[in-house]
Amino acid sequence: MSFFYYILAALLYFAALPYLLYLRFKPKYQHSIPARFFLNNNPRFAEGGIWFHACSFGEVRSLSPFIDKIEPLDVRISVITQTGFKEACKHSKVQVRYLPFEIFLPFWMVHQKVLIVMEAELWPLLFIVAKAKGMKTVLLNARISDNSNVSYQRFAWFYRWIFSHIDLVFAQSDQDEQRLKLLGAKEVRVSGNIKVFSHYEVTHTYVKAQGKRVIVMASTHEGEEDLLLAHLTLCPEDQLIVVPRHPERFSKVDKLLTEYALTAGKSYARLSEQTTIDSDIILCDKMGELNNLYAIADVVLLGGSFIDGIGGHNPLEPAYFKTKIISGAFIFNQKVLFELVENAITCQVEELKNVFDRIEEYPHSTISHRSDIEPLLEQILGK
């Protein structure tokens, strides 16, 4: 089956070449496409290390507590996205690469002590080639949401083939454990969500404007800004900071907020153009600022949850800074994390106005449970 999969992947690669060359010129992909699909400036790792593979910025950041416990010269990190690559490079002395497309893996990969793959990065040849080269293979922070479970079951035969090459799986919950076993996962252990180990650092200190209540509309997706603004009644002392999830949407959200501020008679600015935070409405058009803004936030409207299909975002980050959290009801991808947060409010968007108007009556959020990372790391590395 591996041979036929390789042939299919090669045919797909050659068919997609014109599109890949087109994407190469988009800023979002200008480094990742050449590295992943043409091996440009993407050499092999040195042998004999501990290899973490994560897709993007958030997954790389959640691996930081593990990486910090290991000798940096022993760590290798592969990623898919440019934001993930930039975040991984913050770890000094660590080797960072883009993960090549699967057809290159048999020639690109070299032996490591262990391969640790995050969540749903189930690339078949990544695990197959790793096992063929004598590596221990681990799937970390694995989960199967209610929404995706049907799709997984429909292609159960395919996932059984993949899981036959994975030695050890760490699931986020008991339900995930059962679902993973049905898909053929052999050794499954429940470890919870690894994001509970994270420490959220402030890299820049913003000074709150005097007399202002700071509201951060965080990690919003297409359509959410309009929806939330339509259900909010901002007070004169409120300062709204909007943080879109994806940087390619900054320009579009800028136009929306410019029009909204003009209609509402409020001042507006982009964060990249300010040295202080003093406008009524601010667009955060800079990456890596969310924790800095959570540190001064009074209320957080956690995006990705007010429209169906996304599944919510990590509530541990704003809870770490003891903000008041209001999330939408669509949090199917974050259920385990919400169980670790006390006083986070979830509501339908139709209920948002009533909840927001009474937010001063609600307590601040806190993280209810933290545990030691050492025992989990010992299980992963087999010590």
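Look above for the structure.
Now for a quick tour of the structure. (Residues numbered from 1 in each chain as written. Predicted model: local features only at pLDDT ≥ 70, side-chain atom pairs only at ≥ 80, totals over all residues. Heavy atoms only, no water.)

## Brief notes about the packing of helix α7 (residues 146-154) against helix α8 (residues 156-163)
The condition that has to hold: Convention adopted: a line fitted to C-alpha atoms gives each axis, helices being fitted over their contacting stretch, and angles between N-to-C directions are expressed from 0 to 180 degrees. Comment: elements are numbered from the N terminus, with helices defined as DSSP H or I runs of at least four residues and strands as E runs of at least two. Here the angle decides the label: under 35 degrees means roughly parallel, over 145 means roughly antiparallel, 65 to 115 means roughly perpendicular, and every other value means oblique. Contacts between residues were defined by any pair of non-hydrogen atoms, one from each residue, lying within 4.5 Å. Residue polarity is assigned by list, with Asp, Glu, Lys and Arg as charged and Ala, Val, Leu, Ile, Met, Phe, Trp, Tyr, Cys and Pro as nonpolar; anything else, Gly included, falls into the polar class.
Following both chains from N to C, one finds α7 and α8 inclined at 85 degrees, their axes separated by 5 Å at the closest point. Taken as axis vectors, α7 and α8 run roughly perpendicular relative to one another. Of the residues in α8, those touching α7 at Y152, Q153 and R154 are A156, W157 and Y159. Each residue belonging to the contact of α7 with α8 can be placed in one class, and the counts come to four nonpolar, one polar and one charged.

## Details of the pattern of salt bridges
So the rule is basically this: What makes a salt bridge here is a side-chain nitrogen of Lys or Arg within 4 Å of a carboxyl oxygen of Asp or Glu, nothing more. Exposed residues in this analysis have more than 50% of their type's maximum accessible area, buried residues have under 20%, and partly exposed residues fall in between, with area computed by a 1.4 Å probe over protein chains only.
Summed over all chains, the structure comprises 22 salt bridges. For the salt bridge of K28 with E248, the shortest nitrogen-to-oxygen distance reads 3.2 Å. Residue K28 is located in the loop between α1 (2-23) and α2 (32-38), and its partner E248 is located in the loop between β9 (238-244) and α11 (250-264); the two are separated by 220 residues in the primary sequence. For E248, a relative accessible area of 46% puts it in the partly exposed group. Between K335 and D146 there is a salt bridge, and its shortest N-O distance comes to 2.8 Å. One end of the pair, K335, is in helix α14 (residues 335-338); the other, D146, is in helix α7, with 189 residues separating them in the sequence.

## With respect to empty space enclosed by the protein
Worth spelling out the cut-off: Only protein atoms enter the 1 Å grid used here. Points where a 1.4 Å probe fits but cannot escape make up a cavity, open sets with protein on both sides within 12 Å along at least five of seven lines make up a pocket, and a residue lines them when an atom lies within 4 Å of a point. Grid points are joined across faces, edges and corners, and a volume is the space filled by probe spheres set on the points.
One pass over the structure, following the stated rule, counts one cavity of 30 Å³ or more. Estimated volume of the largest cavity: approximately 50 Å³. Taken together, the residues of the lining of the largest cavity break down into eight nonpolar, no polar and two charged.

## Thoughts on the layout of surface pockets
Roughly 590 Å³ of volume is contained in the second largest pocket. Element by element, the count of residues in the lining of the second largest pocket is highest for helix α3 (residues 57-67), at three residues.

## Some thoughts on the sheet that holds strand β8 (residues 213-220)
So the rule is basically this: Any two strands between which DSSP finds at least two bridges are classified as paired.
Pairing in this open sheet of seven strands is parallel, and the strands run β10-β11-β9-β8-β12-β13-β15 from one edge to the other. On the outer flanks of this sheet lie β10 (268-270) and β15 (345-347), each paired with one strand and no other. Across the sheet, the mean angle separating the axes of adjacent strands is 20 degrees when strand polarity is ignored. Direction of pairing for β8 relative to β9: parallel, over a ladder of seven bridges. Within β9, the position partnered with V214 by the bridge is Q239. Sheet contacts for α11: β9, β10 and β11 (281-283); angle to β11, the most-contacted strand, approximately 170 degrees.

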